[in-house]
Amino acid sequence: MKLAIVTAYPPSKVTLTEYGYHLVKHFRIQEEISELILITDVTNKAKDLSFEEKGCKITVKECWDFNSYTNIFRVNKVISETKPDAVLFNLQFLKFGDKKIPAALGLLLPYVCKLKKIPTISLLHNILEKVDLENAGFTKNPVLQKIYNFIGTTLTKFILSSDIVAVTISKYVGILEKKYNTKNIALIPHGSFETPPEPDYSLPLGPKQVMAFGKFGTYKKVEIVIEAVEEIRNRSLENIEIVIAGTDSPNTPGYLKEMQQKYSHVSQLRFTGYVAEEDVPKIFGDSAVVVFPYTSTTGSSGVLHQAGSYGKAVALPNLGDLSVLVKEEGYRGEFFEPENIDSLADAIENILKDDVYRVVLSKANYEAACSLPMSAITKMYIDYFKAIQVKKSTKEIMDVNANILSTEKRKTV
């Protein structure tokens, strides 16, 4: 199978970059895949294709840009030129831009593939029905929120023109099936990026690191992490380093620089900036606790799966989608009330002060991550593509038979 994947890809800073990297890494070693066409955004540096394992041929087509109005035409042109057997879209609602028109135009691409009759699966990491538009940085205006919801519903219908729409959280299946009266929704778990050898769960010498990882400024806020650790420092003599690993959200440029200035008086506070793929294991490996400072959720959490892969204890907000994910996939952590500094301080302290408990959580999360490796997830996508191809072939045969019968009837008459 010649598979095209439309995604952001390292060293891109666009959302879902890391997930795109791991999709490619694991698809390329599946025996059913003869070639990968990587349809990605344009970056100044070369794409990261330095995989250790041998795999299929990868053809890179850099053809779209964040917030470009012409992405739909450029991606369509590449698909026409490369003629893939199937297309996988790695999507969320701000995939192609944080401006309304470019973002919307990019999400019409699954419908374009339908018109081309190419087997298509769209992986939708979030659904608008479960996004808090204010916290996610869209708008605070209630009238505009209604307009966004209408536009989002319309765009979702275009995405649902895919042969299969994959979601990573079970309740999303029911929401989409009920609202849009459709049956082409598939639950395909997020999966764990890496399954390294089981760690020994020990920590490096020195201060215990409390780490938050991601793109910050909208529904991920670093203030609560910093102030919660300061609260713990006031309670005890714990030696703690705060590590903020990541970059600004596209919707909030300058946010982390502002936080650095605001908290410049706080000791043992480190902002790492962008974390390259090869540096991710160390960032997680050195951490005692990985904190999720979310005020809302927009789907499954890649960071949770990464934390599990590296055997880390986690502190999680008691929020709907995240709570469901933890229960469904077997992760464990200390829960806190969103935006409550004292509650987060309690959660972090409960882990830091009890090393046995920290290791229990870490082992549970490693086991949960190992149960859903990306190799198994990519195999699920291949199985769905095979089913789509069989269905299309069967329909084509039926159409041919119908035409033959129709012709014979006309001859008889």
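Computed from a prediction, not measured in an experiment: that's the story for all the values here.

1. Here's the deal with the overall build of the protein
Right, so step 1: Counting its secondary structure elements, the protein contains 14 helices and 13 strands.
Right, so step 2: Among the 413 residues that make up the protein, the fraction classed as buried is 54%.
Right, so step 3: Looking at the protein alone, contacts between residues at least 24 apart form 74% of all its contacts between residues at least 6 apart.
Right, so step 4: Put simply, the protein shows about 18,300 Å² of open surface, and 54% of that area lies on carbon and sulfur atoms.

2. Considerations on a nonpolar patch on the surface
Right, so step 1: There is a patch of nonpolar side chains on the surface, built from I147, F150 and I151 and spanning about 300 Å² of accessible area.
Right, so step 2: Following the sequence through the fold, F150 ends up in helix α5 (residues 142–159).

3. Some thoughts on the sheet that holds strand β13 (residues 334–336)
Right, so step 1: In spatial order, the strands read β10-β9-β8-β11-β12-β13; together these six strands make up an open sheet with parallel pairing. Each having just a single partner strand, β10 (269–273) and β13 make up the two edges of the open sheet. Averaged over all adjacent pairs, the angle separating strand axes in this sheet is 25 degrees, with direction ignored.
Right, so step 2: Sitting on the sheet, helix α10 (residues 302–309) touches β8 (208–216), β11 (287–291) and β12 (313–317), and the angle it makes with β12 is about 160 degrees.

4. Describing helix α8 (residues 255–262)
At 3.6 residues per turn, the α-helix brings residues three or four places apart onto the same side.
Right, so step 1: By the burial criterion, the buried members of α8 are Y255, L256 and M259. What you see down the axis of α8 is that its buried residues fit within an arc of 90 degrees, all on one side. Exposed positions of α8 whose direction lies more than 90 degrees from the buried face are K257 and Q261.
Right, so step 2: Residues of α8 that are buried make contact with β8, α7 (223–235), β9 (240–248) and β10.

5. Thoughts on the packing of aromatic side chains
Ring pairs (aromatic) are described by centroid distance and by the angle formed between their planes.
Right, so step 1: Going through the model one piece at a time under the given rule, you end up with ten aromatic pairs.
Right, so step 2: Both rings, one in Y9 and one in Y21, keep their centres 5.9 Å apart while their planes meet at 40 degrees; by these two values the pair is tilted. With Y9 in the loop between β1 (2–6) and α1 (17–27) and Y21 in helix α1, the pair connects residues that are twelve residues apart, well separated along the chain.
Right, so step 3: On the basis of relative accessible area, Y9 is assigned to the buried category, the value being 0%.
Right, so step 4: Overall, the relative accessible area of 7% leaves Y21 in the buried class.
Right, so step 5: Centroid distance F284 to Y310: 5.6 Å. Interplanar angle 20 degrees. Geometry classified as stacked.

6. A look at the sheet that holds strand β2 (residues 35–41)
Right, so step 1: The parallel open sheet is built from seven strands, whose spatial order is β3-β2-β1-β4-β5-β6-β7. A strand with exactly one partner marks an edge of an open sheet, and here the two such strands are β3 (57–64) and β7 (185–187). Geometrically, the sheet is characterised by an average inter-axis angle of 20 degrees between neighbouring strands, direction not taken into account.
Right, so step 2: Across five bridges, β1 lies against β2 in parallel orientation. Each residue of the ladder has a partner; that of V6, found in β2, is I39.
Right, so step 3: In the packing of α1 onto the sheet, contacts are made with β1, β2, β3, β4 (86–91) and β5 (120–124), and the angle to β4 comes to roughly 150 degrees.

7. Points about the nonpolar core
Right, so step 1: By size, the foremost hydrophobic cluster in this structure holds 37 residues, and its most contacted members are V6, I39, W64 and V75.
Right, so step 2: With 33 residues, the next largest nonpolar core counts V229, L344, I348 and I351 among its residues.

8. Topic: the pairing of strand β6 (residues 164–167)
Right, so step 1: Of the two faces of β6, both are covered, the one formed by I164 and A166 as well as the one formed by V165 and V167.
Right, so step 2: In the sheet, β5 pairs with β6 via three bridges, with the strands oriented parallel. Its bridge partner lying in β6, S122 is registered against V165.
Right, so step 3: Alignment of β6 against β7, held across three bridges, turns out to be parallel. From the neighbouring strand, V165 faces β7, where its bridge partner is I185.
Right, so step 4: In this fold, the crossover linking β6 to β7 by way of helix α6 (residues 170–180) has right-handed handedness.

Conventions adopted
- Residues numbered from 1 in each chain as written.
- Predicted model: local features only at pLDDT ≥ 70, side-chain atom pairs only at ≥ 80, totals over all residues.
- Heavy atoms only, no water.
- Helix = DSSP H or I, 4+ residues; strand = E, 2+ residues; numbered from the N terminus.
- Buried < 20%, exposed > 50% of the residue type's maximum accessible area, 1.4 Å probe, protein only.
- Contact = heavy atoms within 4.5 Å.
- Areas by Shrake-Rupley, 256 points an atom, 1.4 Å probe, with all protein chains shown as cover.
- Patch = residues over 30% accessible without salt bridge, like charges linked within 9 Å, V, L, I, M, F, W, Y side chains within 5 Å.
- Salt bridge = Lys/Arg side-chain N within 4 Å of Asp/Glu carboxyl O.
- Pairing = 2+ DSSP bridges.
- Axes fitted to C-alpha atoms, helices over the stretch in contact; angles between N-to-C directions.
- Arc of directions from axis to C-beta.
- Phe/Tyr/Trp six-rings, centres within 6.5 Å; stacked < 30°, edge-to-face > 60°.
- Core = buried A, V, L, I, M, F, W, Y, C linked by side-chain atoms within 4.5 Å.
- Right-handed = clockwise from strand over helix to strand, strands pointing away.

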